[in-house]
Structure formats: structure tokens, C-alpha cells
Amino acid sequence: FDILAFNHRPDPPFPLNFSDKVVNILQNTSFDLATLRPLNFTLRTDMLGILIDAGRHYFDTWWLKRLIDVLAVLQFNLIHFRLTDDQAFALQLESHPNLTWPARRDGKTNKVYSRRDIHYLIAYARDRNITIIPEINVPGHAGAWM
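Residues numbered from 1 in each chain as written. Predicted model: local features only at pLDDT ≥ 70, side-chain atom pairs only at ≥ 80, totals over all residues. Heavy atoms only, no water.

Notes on empty space enclosed by the protein
- If you walk through the whole model with that rule in mind, you get one cavity of 30 Å³ or more.
- Where the lining of the largest cavity is concerned, the elements lending two or more residues are α1 (61–73) and β4 (78–82).
- The element best represented in the lining of the largest cavity is α1, accounting for three residues.
- Residue composition of the lining of the largest cavity, by class: eight nonpolar, no polar and no charged. (1 Å grid on protein atoms, 1.4 Å probe; cavity = no way out; pocket = protein on both sides within 12 Å on 5 of 7 lines; lining within 4 Å. Points joined across faces, edges and corners; volume = space filled by probe spheres on them. Helix = DSSP H or I, 4+ residues; strand = E, 2+ residues; numbered from the N terminus. Nonpolar A, V, L, I, M, F, W, Y, C, P; charged D, E, K, R; others polar.)

Pasting the structure below:
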């Protein structure tokens, strides 16, 4: 979602007053998402989606909310939300708290998602006509339990 506009006007959904620099619309919270315009196309399939691999890297919920907002404008309707991998089990289960293992990056322990976080994100996306499918892949991606 880095957008490059260099001496030309970008096509929708990007605003007409785009500058000639790279703008990361997910990280840059000063970028007003309300300036995005919907794409004008018809889906040839029932689903248009992306994969978020939170089993390897933790994404803050504020960032995921912003991503959901951008995807809604772009008419995406599916997020495959991977919560486990050999590096981490990024979901906190109340019934089995010892299974939780946060992703590690640069020697730092990152956060994990609570049940409340997942329910919130699913509801937030549903309000924007996006389905989130959480993935817990075991035993294939359960190396974090070792």
C-alpha cells in the first residue's frame, strides 16, 4: 500500500491532489482515508481478499482497522488472518493460556491477540462487508509449542 505518484495523476481510488512522493496510507495516520474513492469495477469472483500473516509478525489492531478501511474502499471482501506458525501462536486462548507464544522480531517479544481483539476486528470488518477468516493451523504450524 505504498503509493507512488510521480508527475502524473493516479487513477482512482487515490485523490486528485496526490503529491509526487511515496505515501504509506496505512502507517501515515495523517493521510485522510476519506479522500480515497471507490474503484469502479465488477468482481468476477465471489471473493477478493488478502492474507495477513500474524503468525510471523504482530500487526497492531489500529493498523488492522486502517487496513480494513482501505480494503473496504477497494471493494475487497475477505481477509485470511493467519494467527499461527512455527514462529508463534499469536492468539491468547483463555482455556489454554500456555499455548500462547508471541512472534519474536529483532530479539523483542511482540504482543499477541486476545479473544476480544479478534471479536472486535471481525465485527469491525463485518460492518464494512469484509469477512475475516482466522486461521489456527495445527499440527502443521505448531512449532512454537516446542
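What about the packing of aromatic side chains?
- For the structure on display, the rule yields four aromatic pairs.
- With 4.6 Å between their ring centres and 25 degrees between their planes, Y58 and Y113 make a pair best called stacked. One end of the pair, Y58, is in the loop between β3 (49–53) and α1; the other, Y113, is in the loop between β8 (108–109) and α2 (115–126), with 55 residues separating them in the sequence. Take Y58 and Y113: they sit in the same class, and that class is buried.
- In textbook terms, an aromatic cluster arises when at least three aromatic residues are bridged by ring pairs, as seen for Y58, F81 and Y113. (Phe/Tyr/Trp six-rings, centres within 6.5 Å; stacked < 30°, edge-to-face > 60°. Buried < 20%, exposed > 50% of the residue type's maximum accessible area, 1.4 Å probe, protein only.)

Overview of unusual backbone geometry
- Of note, the phi angle at Q75 is positive, near 70 degrees, even though the residue is not glycine.
- Mapped onto the secondary structure, Q75 falls in the loop between α1 and β4.
- Unlike most non-glycine residues, N129 shows phi in positive territory, near 65 degrees.
- Considering the arrangement of structural elements, one finds N129 in the loop between α2 and β9 (131–135).
- Residue classification places N129 among the exposed positions, given a relative accessible area of 65%.

Brief notes about the pairing of β4
- Summarising burial for β4: four of the five residues are buried, a large majority.
- Assessed by its sense of winding, the connection that carries the chain from β3 through α1 to β4 is right-handed.
- Alignment of β4 against β9, held across five bridges, turns out to be parallel. Residue pairing for β9: I79 is matched across the bridge by I132. (Right-handed = clockwise from strand over helix to strand, strands pointing away. Pairing = 2+ DSSP bridges.)

A closer look at the side chain of R66
- Counting through the fold element by element, R66 comes out in helix α1.
- Despite its burial, R66 pairs with no opposite charge, the nearest such side chain being D69 at 6.3 Å. (Lys, Arg positive; Asp, Glu negative; His and termini not counted. Salt bridge = Lys/Arg side-chain N within 4 Å of Asp/Glu carboxyl O.)

Some points on the confidence of the model for the chain
- Looking at the chain, the pLDDT average stands at 78 and 73% of residues meet or exceed 70.
- In this model residues 1–10 is a low-confidence stretch, pLDDT under 50, and it forms 28 contacts with partners more than four residues away in sequence or in other chains. (pLDDT = per-residue confidence, 0-100. Contact = heavy atoms within 4.5 Å.)

Some remarks on the packing of α1 against α2
- Between α1 and α2, whose axes approach to 10 Å, the crossing angle comes to 15 degrees. Accordingly, the angle class assigned to the pair α1 and α2 is roughly parallel. You can see that α1 and α2 cross each other, and the crossing is right-handed. Across the interface between the two elements, T61, L64, K65, I68 and D69 of α1 pack against D117, Y120, L121, Y124 and A125 of α2.
- Taken together, the residues that form the contact of α1 with α2 break down as six nonpolar, one polar and three charged. (Axes fitted to C-alpha atoms, helices over the stretch in contact; angles between N-to-C directions. Parallel < 35°, antiparallel > 145°, perpendicular 65-115°, else oblique. Left-handed = near helix turned anticlockwise from the far one by under 90°.)

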